[in-house]
Every structure is written in structure tokens, then in C-alpha cells.
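Residues per chain, in single letters:
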Amino acid sequence: MHAWRTIAMGLAAGGLLGAGIARAGTETFDNTGLSNSWVAAGSFTGGVSGIAWTFANARGIPRIITDNPSITLRTDNAATNKGWLLSSALTGGVGRVSATFMQASATTSDCIVRVNDIVVGNFKSSGVSGIVEVVSFDAFDPASRMPFTNEFTLMVSNRLATGGRVALDDLTWEPFRLFVRLGKTGTNLAYAGQEFDVTN
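Residues numbered from 1 in each chain as written. Predicted model: local features only at pLDDT ≥ 70, side-chain atom pairs only at ≥ 80, totals over all residues. Heavy atoms only, no water.

Student: Where do I start with the overall build of the protein chain in this structure?
Tutor: When you go through the protein chain residue by residue, the secondary structure sums to zero helices and 16 strands. Taking all 200 residues of the protein chain together, 46% fall into the buried category. For the protein chain, contacts bridging at least 24 residues in sequence account for 69% of all contacts bridging at least 6. Total accessible area on the protein chain is roughly 9500 Å²; 53% of this is exposed by carbon and sulfur atoms. (Helix = DSSP H or I, 4+ residues; strand = E, 2+ residues; numbered from the N terminus. Buried < 20%, exposed > 50% of the residue type's maximum accessible area, 1.4 Å probe, protein only. Contact = heavy atoms within 4.5 Å. Areas by Shrake-Rupley, 256 points an atom, 1.4 Å probe, with all protein chains shown as cover.)

Student: Hey, could you run me through the pairing of strand β5 (residues 52–59) in this one?
Tutor: Most of β5 is tucked away: six of the eight residues are buried. Of the pairings in the sheet, the one linking strand β4 (residues 39–45) to β5 comprises six bridges and is antiparallel in character. Counted as the bridge partner of G42 is F55 from β5. Where β4 folds back on β5, the antiparallel hairpin that results is connected by six residues, among which G50 adopts a positive phi of roughly 70 degrees. (Pairing = 2+ DSSP bridges.)

Student: Explanation requested: the packing of aromatic side chains in the structure shown.
Tutor: Ring pairs (aromatic) are described by centroid distance and by the angle formed between their planes. All told, the structure shown has four aromatic pairs when counted by the stated rule. On the basis of an interplanar angle of 45 degrees and a centroid distance of 6.2 Å, the ring pair of F44 and F55 is categorised as tilted. One end of the pair, F44, is in strand β4; the other, F55, is in strand β5, and eleven residues separate them in sequence. On the basis of relative accessibility, which here comes to 6%, the residue F44 falls in the buried class. The buried category is assigned to F55, whose relative accessible area is 4%. Ring-pair connections join several aromatic residues into one group, and the members of that group are F29, F44 and F55. (Phe/Tyr/Trp six-rings, centres within 6.5 Å; stacked < 30°, edge-to-face > 60°.)

Student: Sorry if this is basic, but what is going on with the nonpolar core here?
Tutor: Where a protein is soluble and globular, its nonpolar side chains tend to be buried together. Within the largest apolar cluster, 31 residues are counted, with the highest numbers of intra-cluster contacts made by I71, L85, F101, V115, L154 and L171. At the level of elements, β5, β6 (71–73), β8 (96–103), β9 (110–115), β10 (118–124), β11 (132–138), β12 (154–158) and β13 (166–174) are the ones that each hand at least two residues to this core. Examining the composition of this core, we find that four residues originate from one element, β13, more than from any other. Each residue touching F101, except ones within four places of it in the same chain, is listed here: I64, C111, F123, I131, V132, E133, V135, V156, V166, A167 and L168. (Core = buried A, V, L, I, M, F, W, Y, C linked by side-chain atoms within 4.5 Å.)

Student: Help me understand the pattern of salt bridges, please; the structure alone is not making it clear to me.
Tutor: It is possible for side chains bearing opposite charge to pair when their charged atoms get close. Under the defined criterion, the tally for this structure stands at three salt bridges. A salt bridge links R159 to D110, with the shortest nitrogen-to-oxygen separation between them at 2.7 Å. Separated by 49 residues along the polypeptide, R159 in the loop between β12 and β13 and D110 in strand β9 bring together distant segments of the chain. Here R114 makes a salt bridge to D117, at a shortest N to O gap of 3.5 Å. Looking at R114, the relative accessible area reads 23%, which means it is partly exposed. Judged by relative accessible area, which is 55%, D117 ranks as exposed. (Salt bridge = Lys/Arg side-chain N within 4 Å of Asp/Glu carboxyl O.)

Student: Would you mind going over unusual backbone geometry with me for this structure?
Tutor: Excluding glycine, residues mostly have negative phi values, and the peptide bonds linking residues are mostly trans. Cis peptide bonds are those with omega within 30 degrees of zero, and the linkage from I61 to P62 qualifies with -5 degrees. Tracing the backbone shows P62 in the loop between β5 and β6. Phi is positive for F29, close to 65 degrees, though the residue is something other than glycine. For F29, the location among the structural elements is in the loop between β3 (25–27) and β4. Although it is not a glycine, D117 adopts a positive phi angle of roughly 70 degrees. Take D117: it is sitting in the loop between β9 and β10.

Honestly, that's just the spatial picture; any functional story needs more than this.
Rendered as C-alpha cells:
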């Protein structure tokens, strides 16, 4: 039996009122067609999300839950063997990305989540094979502190060729929302949990 823990990373927009067009989605990896053999490159269309995905250096075992498909990304001490998963273009912006990860070998997993090729999160496993971790990341450009409000792509990849293999399931993206809060000094706008003073 796998052990589970939940981790939240980033800043939340607590106490704010929000409105936005919900374009959330979840990829459950039911349609990958992957089995116990490594596949150097491939693609599939998500059964739940309907999104087209491409991948490299992946297989279908071990599963995080025995009777529920997931995808495992490879590492093998060579950059050419690093596993990754990439979505086609998604619409509506994104404010948060979450996924279920499991360290799938004896070596600690170390992978990154990218939105529009910008790193928004870095997952490092507990160091124990078989531990399942539900992790979420706020999605914004760390350089500009601005959110992703329009079309975007989503990518998960191993950061290091020497890192451990990682199994992935229930990759979820939540929509960008514009929050407005009125204060004594004026109006502050908060994007995806980040506040911007527009009074200056």
C-alpha cells in the first residue's frame, strides 16, 4: 500500500472575491496506451480532457493506484533519456497546477512543471519509493510576477538525468481568475493570488 501526503506550494488569494470563466481541466492518463515498456516518443489524446499530449521516455508502470492508469517518466543518467510530458495549446489562462506524484525508483524524484516554458514549480519526492504526494503550484511568471491569462502550454519533465523516475496522475490546471479588492487607499488587483497596486 502506498503512503500519501499533500503539499501546497505558492501564495493563495485568501479572503478575496473572484470571478472568471472556468476552463479547468484534468488529465487522468487513461488513453496513453503505455504498458511496461519504455517508449522513446509518442502522443495521445486525453480521455477526460480531450487534450492532445506528446511525451518522451515514458511507460505505464508502476501505477500509482493498481487499477488506475498513470504515466511514469524515465531517468537513466543520460540527458537523452529524461522523460517529459507536454500539452497542446490550452485556453483561458491558468492560475494553479496540481498533480499526484509517486517516486517510482530508489532514487529521489526531481521534476519541474512549466507553463509556456517558464518553470512554475519544482517537485522533489520524499526519497522513499512508493510514497504518493499530491502537490499544487501557483502559476505565474516569477520574473514579472504576472499571471498566465491567455493561451498556454503545460509541461512536466524530469529536471536531472540523474534523478529518480516519477509516476504522475491527475494532472490538473485551474483557470486564471481576476480578483478585485477595495481598500482605504484605492483598488488593488490580485492575479492568481498575487496582488498588484494600481493606485500609483
